[in-house]
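Chain residues, written in single-letter form:
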Amino acid sequence: MIDDLPIRKIIHIDMDAFYASVEQMDHPELKGQPIAVGGGSKRGVISAASYEARKYGVKSAMSGRLAEKLCPNLIFVKHRFDRYKEISDRIRHIFFDYTDLVEPLSLDEAYLDVTENKIGFPSATLIAKKIRQRIFDEIGLTASAGISINKFVAKVASDYNKPNGQKTINPEDVITFLEDLDIRKFYGVGKVTAEKMYQKGIFTGKDLKSKSLEYLDENFGKSGRYYYNVVRGIHNSEVKPNRIRKSLAAERTFSENLSSEIFMLEKLDHIAEEVSKRLDKSKVAGKTVTLKIKYSDFTLQTRSKTLPYYISDKTIILETAKDLLYQDKLSNSVRLLGISLSNLNTDSKKTKPLEKEQKSVSVQLKFDF
């Protein structure tokens, strides 16, 4: 056994329909009803849907109008982000009773490294069960969990027995699990990439595993090495308690479509100000400004520019966003604009040699999970 290689027991906790479940918990009359959080205005977009609504095809990021067509008896509920954060903080306090290695991904999901834990339990599966039971007993909400040797497999596994369930992928089962996995379920493979993989005859993890690193690099660019590794159970990203922010953004959906660039500039001014405030609050700056444009037909376009220096000042952000707006003719009227700053001064780029990553998997597979 190689002592300096990571041997981990990772849990991914994912709350079930979190925003919608909080609303149903706080308003008992909504229990068992198809509800959508957000999306109730003329131009609204849904943030979350209850499982009763999901049966009709209603889901997050869908327009309220379409959701109402799919589910005529859908109940729209306003956001209460302060309440969601309050509940999220209570859930996080439960996590910290078991480990200090907690990496939140959002208000409703987090990774926990319980390899060495505060209660001395050898079984990550039992720890996940205890955490889920405490969330239910103390808060009144259900959560699902995935348990495995790394963050990638744990996250994929947490989707398997939703809602209110969990799935453990034992070390000796990881490779078979990944080989049988539909490529669409691979975390990091979006709709566009999945279609591209389909065209190349890649439908399962086994198909992906048959491709060489050179082939994947050539066809999928920087993501090629990631796909090559994860399908082999190689994902050595640690659970980071202080997760490094990769980007910071703000956006606005408009009550009416905008076709005049003059009106868009006015909106961009407010968005740039919000981005600048968030940068200052987080004490970060960035080099790459990205303008996000969603047209009235819901097609999405992004335009980016990387500056030679870090910025956080509203004026520079706005001027760069203006340049991007005028960079090319708009193809349609606009329903949403957003500005994001990435390539932040918090970024750290560390890569591990492939050979070491491969060795670490063999060590993990010998580990009693």
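None of these values were measured; they are calculated from a predicted model.

> How should the pattern of salt bridges be read in this particular structure?
Opposite charge on two side chains permits pairing when their charged atoms draw close. Within the structure shown, the criterion is met by 21 salt bridges. Note that Arg 80 and Glu 23 form a salt bridge whose closest N and O atoms lie 3.0 Å from each other. Here Glu 23 lies in helix H1 (residues 18-26) and Arg 80 lies in the loop between strand E4 (75-77) and helix H4 (81-96), a separation of 57 residues in the sequence. Since its relative accessible area comes to 1%, Glu 23 is described here as buried. Across the salt bridge formed by Arg 278 and Glu 274, the nearest N and O atoms sit 2.8 Å from each other. With Arg 278 and Glu 274 both in helix H12 (residues 261-282), this residue pair falls four residues apart, about one helical turn. A residue is classified by how much of its surface remains accessible, and Arg 278, at 33% relative accessible area, is partly exposed. By sharing partners, the salt bridges in this structure join Glu 23, Asp 26, Arg 80, Arg 83 and Glu 86 into a single network.

> For this particular structure, what's the right way to read the sheet that holds strand E11 (residues 300-311)?
Strand-to-strand pairing in sheets goes through backbone hydrogen bonds, with the strands running parallel or antiparallel. Judged by pairing direction, the sheet is antiparallel, and its four strands sit side by side in the order E9-E12-E10-E11 without closing on themselves. The strands lining the two open edges of the sheet, one partner per strand, are strand E9 (247-258) and E11. In this sheet, neighbouring strand axes are inclined to one another by 15° on average, regardless of whether the strands run parallel or antiparallel. Summarising the sheet, strand E10 (residues 286-295) and strand E12 (residues 334-344) pair through nine bridges and their orientation is antiparallel. Bridge pairing links Gly 286 to Leu 344 in E12. The strands touched by H12 are E9, E10, E11 and E12; relative to E9, the strand with the most contacts, the crossing angle is about 155°. Against the sheet, helix H13 (residues 314-325) contacts E10, E11 and E12, and its axis sits at roughly 140° relative to E11.

> Sorry, what's going on with the nonpolar core here?
Among soluble globular proteins, nonpolar side chains are generally buried collectively. Counting residues in hydrophobic clusters, the biggest one holds 33 residues, and the most contacted among them are Ile 11, Ile 13, Phe 18, Phe 95, Leu 112, Ile 131 and Ile 135. Listing elements by their share of this core, those giving two or more residues are strand E1 (10-15), H1, strand E2 (35-38), H4, strand E6 (109-113), helix H5 (124-138) and strand E7 (143-148). The contact partners of Ile 13, leaving out residues within four places of it in the chain, are Phe 95, Asp 108, Glu 109, Ala 110, Leu 112, Ile 131, Arg 132, Ile 135, Ala 143, Ser 144 and Ala 145. By size, the runner-up hydrophobic cluster in this structure holds 29 residues, among which are Ala 250, Leu 268, Ile 293 and Ile 311.

About the thresholds
- Residue numbers here run from 1 along each chain, matching the order of that chain's written sequence.
- This being a predicted model, a pLDDT of at least 70 is required before a residue's local features are given, and a value of 80 or more before pairs of side-chain atoms are given or counted; all residues contribute to the totals for chains, interfaces and linings.
- In computing side-chain values, all of the structure's heavy atoms are included and hydrogens and water are not.
- Here, a salt bridge means any side-chain nitrogen of Lys or Arg that lies within 4 Å of a carboxyl oxygen of Asp or Glu.
- Comment: elements are numbered from the N terminus, with helices defined as DSSP H or I runs of at least four residues and strands as E runs of at least two.
- Categorising residues by exposure relies on relative accessible area from a 1.4 Å probe, with only protein chains included: less than 20% of the type maximum marks a residue as buried, more than 50% marks it as exposed, and the intermediate range marks it as partly exposed.
- By this definition, two strands are paired if DSSP reports at least two bridges between them.
- The axes used here are C-alpha line fits, helices contributing only the stretch in contact, and every angle between their N-to-C directions lies in the interval 0 to 180 degrees.
- Every residue pair with non-hydrogen atoms within 4.5 Å of one another is taken to be in contact.
- Think of a nonpolar core as a cluster: buried Ala, Val, Leu, Ile, Met, Phe, Trp, Tyr and Cys residues, connected wherever their side-chain atoms sit within 4.5 Å.

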